[in-house]
Amino acid sequence: MELSEQSRAAIASALQEALCRYVTGGEDSVVTDIHLQPNSDSGELVIYDDDDHELSRAIISEWVDYESDDFYTVVEPILRKEIEALKETGRLDKLCLMKPYSFVLVDDEKETVAELLIVDEEDTLLLSGELLKGLDEELDAFLKDLLER
């Protein structure tokens, strides 16, 4: 899916609006993750915290009435790229969120689809399919080996 510059700007603006609530202003740290919920019917991107408080929203015209079943697969790299752009500009360094925190892609039922980014004390981790590829099989083999002993 190719996004227009207007849609990319709308995503970036929604992310910045959501994060401006957590700009460092003192010593108080907030414990939360940032949840991104795109909707293929309405084209909305809703961003909210752990307590389901809406932080911002935007309409992405290319997402309106998206028919294919791969919606979240298509949207995930787009959102990850926009979050990575915020990280590169240093905007995530100024947040008063208690680390580790993450940016999470969620579906209509608010179930986690993917972790887009995890920010920890020392490093920021960009999660990708390549990093996690084969993890389930490795964990299954480890558990099987452990239980056989």
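The residue numbers shown here count from 1 along each chain, following its written sequence. Reporting in this predicted model follows two pLDDT cut-offs: at least 70 for local features of residues, and 80 or more for side-chain atom pairs to be given and counted; totals over whole chains, interfaces and linings ignore these cut-offs and use all residues. Hydrogens and waters are ignored; side-chain quantities use all the structure's heavy atoms.

A. Representation of the environment of Tyr66 in the model. In this description a helix means any DSSP run of H or I spanning at least four residues, a strand means any run of E spanning at least two, and both kinds are numbered starting from the N terminus. Mapped onto the elements, Tyr66 comes out in the loop between β3 (54–59) and α2 (71–88). Residue Tyr66 is classed as partly exposed on the basis of its relative accessible area, which comes to 22%. Sequence-distant contacts of Tyr66, defined by excluding residues within four places in its chain, comprise Met1, Ser40, Phe71 and Val74. Relative accessibility decides the category of a residue: with a 1.4 Å probe and only protein chains considered, values under 20% of the type maximum give buried, values over 50% give exposed, and everything between is partly exposed. Note on contacts: a residue pair qualifies if any of its non-hydrogen atoms lie within 4.5 Å across the two residues.

B. View of the packing of helix α1 (residues 5–19) against α2. For helices, the axis comes from a line fit to the C-alpha atoms of the stretch in contact; other axes are also lines fit to C-alpha atoms, and the angle between any two N-to-C directions lies between 0 and 180 degrees. At their nearest, the axes of α1 and α2 sit 10 Å apart, and the two run at 55° to each other. The pairing of α1 with α2 is recorded here as oblique in orientation. Note on packing geometry: the crossing formed by α1 with α2 is right-handed. Where α1 approaches α2, its residues Arg8, Ile11, Ala12, Leu15, Gln16 and Leu19 are matched on the opposing element by Ile78, Leu79, Lys81, Glu82, Ile83 and Leu86. Nonpolar residues are Ala, Val, Leu, Ile, Met, Phe, Trp, Tyr, Cys and Pro. Charged residues are Asp, Glu, Lys and Arg, and all others, Gly as well, are polar. Looking at the contact of α1 with α2 residue by residue, the classes come out as eight nonpolar, one polar and three charged. Should an angle fall under 35 degrees it is taken as roughly parallel, and over 145 as roughly antiparallel, whereas 65 to 115 is taken as roughly perpendicular and any remaining angle as oblique. Here a crossing is taken to be left-handed if its near helix is turned anticlockwise relative to the far helix by less than a right angle, and right-handed if that turn runs clockwise.

C. Highlighting the pairing of strand β5 (residues 112–119). The rule for pairing is simple: two strands pair if DSSP sees at least two bridges between them. Bridge count between strand β4 (residues 101–106) and β5: six bridges; the pairing is antiparallel. Pairing of Leu105 across the sheet is with Ala114, part of β5. Between β4 and β5, which pair antiparallel one after the other, the connecting turn spans five residues, and Lys110 there sits at a positive phi close to 65°.

D. Representation of unusual backbone geometry within the structure. Look at the link from Lys99 to Pro100: it is a cis peptide, with omega at 0°. For Pro100, the position within the fold is in the loop between α2 and β4. Positive phi is not limited to glycine here, since Asp52 has a value of about 60°. Secondary-structure assignment places Asp52 in the loop between β2 (44–48) and β3.

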